[in-house]
Amino acid sequence: MKRILVVHPNQDVCYSLSDMLREFGFEVGITDTTPEAVQVLMECDRDPDFIIMAHEMPALEGMYLRDIIAQDQQWSKIRVLTITEDNIVFAEVKGTETGFPQGSLAASVVSALLS
Amino acid sequence: MNQKEAVFLAVRDLKRGEVDTDTPIVLNKQEKAVVHQKLFDGFKKGRVAYNHELPSDDKLMLYISGLVSNWLRKDKRLNGQRNYVPGRPGARSNVPNVTNASLAGIDPAQLEALRALAAGRSNEQGATIIVIPAANTND
């Protein structure tokens, strides 16, 4: 079963995305802060396959979550999807950061996950 | 000692008389460094519980930063006796609620591919799906 960590300051987004993804069979964890996200990543028995996170998550000790993940040898293997304030989902596709503006956040997330 | 208690004691040692009051504890940069170092030593010497093998020093310091930030918000003895409420529902009003109804416009083939992705099996849609080796699966 694939595992997804949703990191977003808006609880509505966390819960609704996790409800949707669980219905499709994903194992989903949620957190609303950068410190908790780091804790979850360090304590989980197996890294998530995907992280879906708000683009503008507050920094921890001056480091942004995206950079913390990218700079870690182990975590950098996790596929990261970011949600902008305009609800566009970005994901790296074949080495290029690609936007998925699909009309609804759910549709954008689905497209980005499948890209 | 558990991590929550370790954070509390490290902060209490630094801010005697200021914990367990109605005023939230705020640590300046220097105070944070002292608390972080105390916890770092505690982890290294095995006095503070950690369920896994200790990570590298850099990663441990990052973890400690998160740990302190976390318990400063959640521990009532440190946060001014407030009940911690995670997040703030609807804090960003421009984010629409993602309900299953919003899946209505999505191609059914995509939804099926998503199920396949979740299960870690290949599908007929050509989606990028990585199959987890049997040894790593829990289901």
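Structure first, text after, so check above.
From a predicted model like this one, the values you see are computed outputs, not experimental measurements. (Residues numbered from 1 in each chain as written. Chains lettered and ligands numbered in written order. Predicted model: local features only at pLDDT ≥ 70, side-chain atom pairs only at ≥ 80, totals over all residues. Heavy atoms only, no water.)

Draft legend 1. Looking closely at the overall build of chain B. Scanning chain B from N- to C-terminus turns up four helices and zero strands. Listing the helices and strands of chain B from first to last along the sequence gives α-α-α-α. For chain B, the proportion of its 139 residues judged to be buried stands at 36%. Intrachain contacts of chain B at a sequence separation of at least 6 include 49% that bridge at least 24 residues. (Helix = DSSP H or I, 4+ residues; strand = E, 2+ residues; numbered from the N terminus. Buried < 20%, exposed > 50% of the residue type's maximum accessible area, 1.4 Å probe, protein only. Contact = heavy atoms within 4.5 Å.)

Draft legend 2. Molecular detail of unusual backbone geometry. Positioned with a positive phi, lysine 94 of chain A is a non-glycine residue whose angle comes to about 50°. Locating lysine 94 of chain A in the fold gives a position in the loop between strand 5 (89–93) and strand 6 (96–100). You will see that glutamine 81 of chain B, though not glycine, has its phi angle at about 65°, which is positive. Note on placement: glutamine 81 of chain B falls in the loop between helix 3 (57–74) and helix 4 (108–119). When its relative accessible area of 32% is taken as the criterion, glutamine 81 of chain B is described as partly exposed.

Draft legend 3. Molecular detail of the sheet that holds strand 4 (residues 79–83) of chain A. All names here are of chain A. Sheet architecture is open: six strands sit in the order 2-1-3-4-5-6, paired in mixed fashion. Each edge of the sheet is formed by a strand with only one pairing partner; in this case those strands are strand 2 (27–31) and strand 6. In this sheet, adjacent strand axes meet at a mean angle of 25° when their direction is disregarded. Two elements, strand 4 and strand 5, share three bridges in a ladder whose sense is antiparallel. Pairing of leucine 81 across the sheet is with alanine 91, part of strand 5. (Pairing = 2+ DSSP bridges. Axes fitted to C-alpha atoms, helices over the stretch in contact; angles between N-to-C directions.)

Draft legend 4. Main features of the pattern of salt bridges. Scanning the entire structure with this criterion turns up 16 salt bridges over all chains. A salt bridge links glutamate 36 of chain A to arginine 73 of chain B; its shortest N-O distance comes to 3.8 Å. A residue pair is termed interchain when its members come from two chains, as with glutamate 36 of chain A in helix 2 (residues 34–43) and arginine 73 of chain B in helix 3. In this structure arginine 73 of chain B comes out as partly exposed when scored by relative accessible area, which is 29%. For the salt bridge of lysine 74 of chain B with glutamate 36 of chain A, the shortest nitrogen-to-oxygen distance reads 2.3 Å. (Salt bridge = Lys/Arg side-chain N within 4 Å of Asp/Glu carboxyl O.)

Draft legend 5. Quick peek at the pairing of strand 5 of chain A. Residues and elements named next belong to chain A. Remark: five residues form the turn of the hairpin made by strand 4 and strand 5, two consecutive strands paired antiparallel; asparagine 87 in that turn has positive phi of roughly 65°. For strand 5 and strand 6, the ladder comprises five bridges, and the chain directions are antiparallel. Across the sheet, phenylalanine 90 pairs through a bridge with glycine 99, a residue of strand 6. Following strand 5, the chain reverses through two residues before pairing antiparallel with strand 6; lysine 94 in that reversal takes a positive phi of roughly 50°.

Draft legend 6. Broad picture of the packing of aromatic side chains. Residues and elements named next belong to chain B. Scanning all chains against the criterion turns up three aromatic pairs over all chains. The interplanar angle of 70° and the centroid separation of 6.0 Å between the aromatic rings of phenylalanine 43 and tyrosine 63 together place this pair among those described as edge-to-face. Remark: tyrosine 63 occurs in helix 3 and phenylalanine 43 occurs in helix 2 (residues 29–44); sequence separation between them is 20 residues. Considered together, phenylalanine 43 and tyrosine 63 belong to a single accessibility category, that of buried residues. The interplanar angle of 85° and the centroid separation of 5.2 Å between the aromatic rings of tyrosine 50 and tyrosine 63 together place this pair among those described as edge-to-face. Of this pair, tyrosine 50 sits in the loop between helix 2 and helix 3 while tyrosine 63 sits in helix 3, and the two are 13 residues apart along the sequence. The exposure classification of tyrosine 50 matches that of tyrosine 63, with both residues buried. Taken together, the aromatic side chains of Phe43, Tyr50 and Tyr63 make up a single cluster linked through ring pairs. Sitting over the face of the ring of phenylalanine 8, arginine 77 holds its NZ or CZ atom 3.8 Å from the ring centroid. (Phe/Tyr/Trp six-rings, centres within 6.5 Å; stacked < 30°, edge-to-face > 60°. Lys NZ or Arg CZ within 6 Å of the ring centre and 35° of its normal.)

Draft legend 7. Inspection of the nonpolar core at higher detail. If you look at the biggest cluster of nonpolar residues, it comprises 39 residues, and the most contacted ones within it are Ile51 of chain A together with Val11 of chain B. Where this core is concerned, the elements lending two or more residues are strand 1 (3–7), helix 2, strand 3 (50–54) and helix 3 (65–71) of chain A together with helix 1 (3–14), helix 2 and helix 3 of chain B. The element best represented in this core is helix 3 of chain B, accounting for seven residues. Those residues within four positions of isoleucine 51 of chain A in sequence are excluded, and the remaining contacts are Leu5, Val7, Leu41, Ile69, Ile78, Arg79, Val80 and Leu81 of chain A. The next biggest cluster of nonpolar side chains, apart from the first, holds 32 residues, and it includes Ala107 of chain A together with Leu103, Leu111 and Leu117 of chain B. (Core = buried A, V, L, I, M, F, W, Y, C linked by side-chain atoms within 4.5 Å.)

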